[in-house]
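Residue-level listing of the chains:
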Amino acid sequence: MQLWQAYLHNRSKRNRDQRFLVQGVRPITQALAAGWPLETMLYRLGGPELSTWAREALDTAGVPAVGLVPELIAELGEKADAAPELVAVAITRQLDLAEYAPGEPGESAPVVVVFDRPNSPGNLGTLIRSADSFGADAVVVAGHGADQYDPRAVRASTGSLFAVPVFRVAGPAQVLEFRDRQLARGIPTRIVGTDERGTCAVFDHDFREATILVVGNETTGMSAAWQDVCDDLVSIPMGGTASSLGAPSAGAVALYEISRQRRTFVR
């Protein structure tokens, strides 16, 4: 129980044990549907009878199940008003961008989203959700930013964490190497940054080629290092008094535009 409690807030222990908690009906359902590796299913003891969903999840998970009294599972589920039926203990995946090669020459134009040093686990999870919603192939977290296995990120992704590969890199150099490998494979790929100082409106840029979309840090925006590696910088025109959108919102707008252009031109 102490280990599971530590996974709620202690990133070092999550990294050490390569374990994290999955809370909520949809994230747990998505993890099971994706065949994500689980270690344990925790279920509520006492109280109302478990729902059909919870019983089926326990039966199909194929991992040990441990019952916890409502007070303990409520703590792990971080629900103040009620004890959740289930919390899953999942195994982290450490993916290597150097081994990633999406798309086939002449057949597809992959979209990869880079989030530079995200401050907030919730923002990271929200961007992963948007990437999944608009058909992006992967998400890359650059620099020492929020942990995608933080329960807040997992919840904010509403299960999309289990559908979209998420990589971590130190900085632009590894993303440049990925772009160069894609070019060598015959997949034309451009690095496009979202920035309020962009020289082109997002809807005027042609996104039909493979794209690496870079979203800057929530507080400081896009760093000079990332601006230097971008082939293009696009802005999102706004009509209100705000100077810029939040990072997840900017990413969602750009991802929508990529999806819209590709649907339009396919027709």
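Before reading further, recall that the structure is shown in the block above.
Chains are numbered independently. Their residues run from 1 in the order of the written sequence. Given that the model is predicted, a residue must reach a pLDDT of at least 70 before its local features are reported, and side-chain atom pairs must reach 80 or more before they are shown or counted; all residues, however, enter totals for whole chains, interfaces and linings. Excluding hydrogens and water, the side-chain values take into account all heavy atoms of the structure.

K.L.:
I would appreciate a short explanation of the nonpolar core in the present structure.
P.N.:
Note on soluble globular proteins: their nonpolar side chains tend to be buried together. Buried Ala, Val, Leu, Ile, Met, Phe, Trp, Tyr and Cys residues form a nonpolar core when they are joined through side-chain atoms within 4.5 Å. Categorising residues by exposure relies on relative accessible area from a 1.4 Å probe, with only protein chains included: less than 20% of the type maximum marks a residue as buried, more than 50% marks it as exposed, and the intermediate range marks it as partly exposed. In this structure, Phe20, Val22, Trp36, Met41, Val113, Leu161 and Phe162 are the most contacted members of the largest nonpolar core, which totals 45 residues. Whether two residues are in contact is decided by their heavy atoms, any of which lying within 4.5 Å being enough. Dropping the residues within four chain positions of it, phenylalanine 162 is found in contact with Phe20, Val22, Pro27, Gln30, Ala31, Ala34, Trp36 and Val154. Tyr100, Val112, Phe178 and Leu233 belong to the second largest nonpolar core, which has 19 residues in total.

K.L.:
Would you mind showing me how to read the environment of serine 235 here?
P.N.:
Secondary structure elements follow DSSP: runs of H or I of four or more residues count as helices, runs of E of two or more count as strands, with numbering from the N terminus. Its location among the elements puts serine 235 in strand E11 (residues 232-235). When the C-alpha atoms of serine 235 and arginine 197 are compared, they prove to be 6.4 Å apart, with 38 residues separating the residues in sequence. Apart from the residues lying within four places of it in its own chain, the contact partners of serine 235 are Asp195, Glu196, Gly198, Cys200, Ala201 and Val202.

K.L.:
How do you make sense of the pattern of salt bridges when you look at a structure like this?
P.N.:
Pairing between side chains of opposite charge can happen when their charged atoms approach one another. Throughout this description, the term salt bridge denotes a Lys or Arg side-chain nitrogen within 4 Å of a carboxyl oxygen of Asp or Glu. By the definition in use, this model includes 13 salt bridges. Arginine 19 is the partner of glutamate 39 in a salt bridge, and the nearest nitrogen-oxygen pair spans 2.9 Å. A residue pair is termed long-range when its members are at least 10 positions apart, and glutamate 39 in strand E2 (residues 38-44) and arginine 19 in strand E1 (residues 19-23) qualify at 20 residues. In this structure glutamate 39 comes out as partly exposed when scored by relative accessible area, which is 31%. Residue arginine 19 is classed as buried on the basis of its relative accessible area of 19%. Through salt bridges that share partners, Arg14, Asp147, Asp150 and Arg152 make up one connected network.

K.L.:
Honestly, the environment of arginine 168 in this entry has me stumped. Any pointers?
P.N.:
Positionally, arginine 168 belongs in strand E7 (residues 166-169). For arginine 168, a relative accessible area of 28% corresponds to the partly exposed category. With 21 residues separating them along the chain, arginine 168 and threonine 189 place their C-alpha atoms 20 Å apart. Every residue in contact with arginine 168, bar those within four places of it in the chain, is listed here: Arg11, Val141, Gly143, Gly145, Ala146, Asp147 and Gln148. Each polar contact in these results corresponds to two N or O atoms within 3.5 Å; when the atoms are within protein, one needs to be able to donate a hydrogen and the other to accept it, and residues that are neighboring in sequence are counted only if both atoms are side-chain atoms. Here the side chain of arginine 168 touches glycine 145 through a polar contact of 3.2 Å, landing on its backbone oxygen.

K.L.:
Can you help me understand the layout of surface pockets in this one?
P.N.:
Empty pockets left among the atoms are what a rolling probe the size of a water molecule brings to light. For each structure, a 1 Å grid was placed over the protein atoms alone; sets of points admitting a 1.4 Å probe that cannot get out are labelled cavities, open sets with protein on both sides within 12 Å along at least five of seven lines are labelled pockets, and lining residues have an atom within 4 Å of a point. Grid points are joined across faces, edges and corners, and a volume is the space filled by probe spheres set on the points. One number sums up the size of the second largest pocket: a volume of about 210 Å³. For the second largest pocket, the lining is made up of 13 residues, of which Gly24, Val25, Lys79, Pro84 and Glu85 are closest to its centre. Classes in brief: Ala, Val, Leu, Ile, Met, Phe, Trp, Tyr, Cys and Pro nonpolar; Asp, Glu, Lys and Arg charged; the others, Gly included, polar. Across the lining of the second largest pocket, the residue classes tally to six nonpolar, three polar and four charged.

K.L.:
For this particular structure, what's the right way to read the pairing of E11?
P.N.:
Looking along a regular strand, one sees the side chains alternate between the two faces of the sheet. Any two strands between which DSSP finds at least two bridges are classified as paired. With three bridges connecting them, strand E8 (residues 189-194) and E11 associate as parallel partners. Of the residues in E11, the one forming a bridge with threonine 194 is valine 234. Taken together, the two bridges between strand E9 (residues 200-201) and E11 define a ladder with parallel strand orientation. Its bridge partner being in E11, cysteine 200 is matched across the sheet by valine 234.

Geometric values such as these leave the question of function open.
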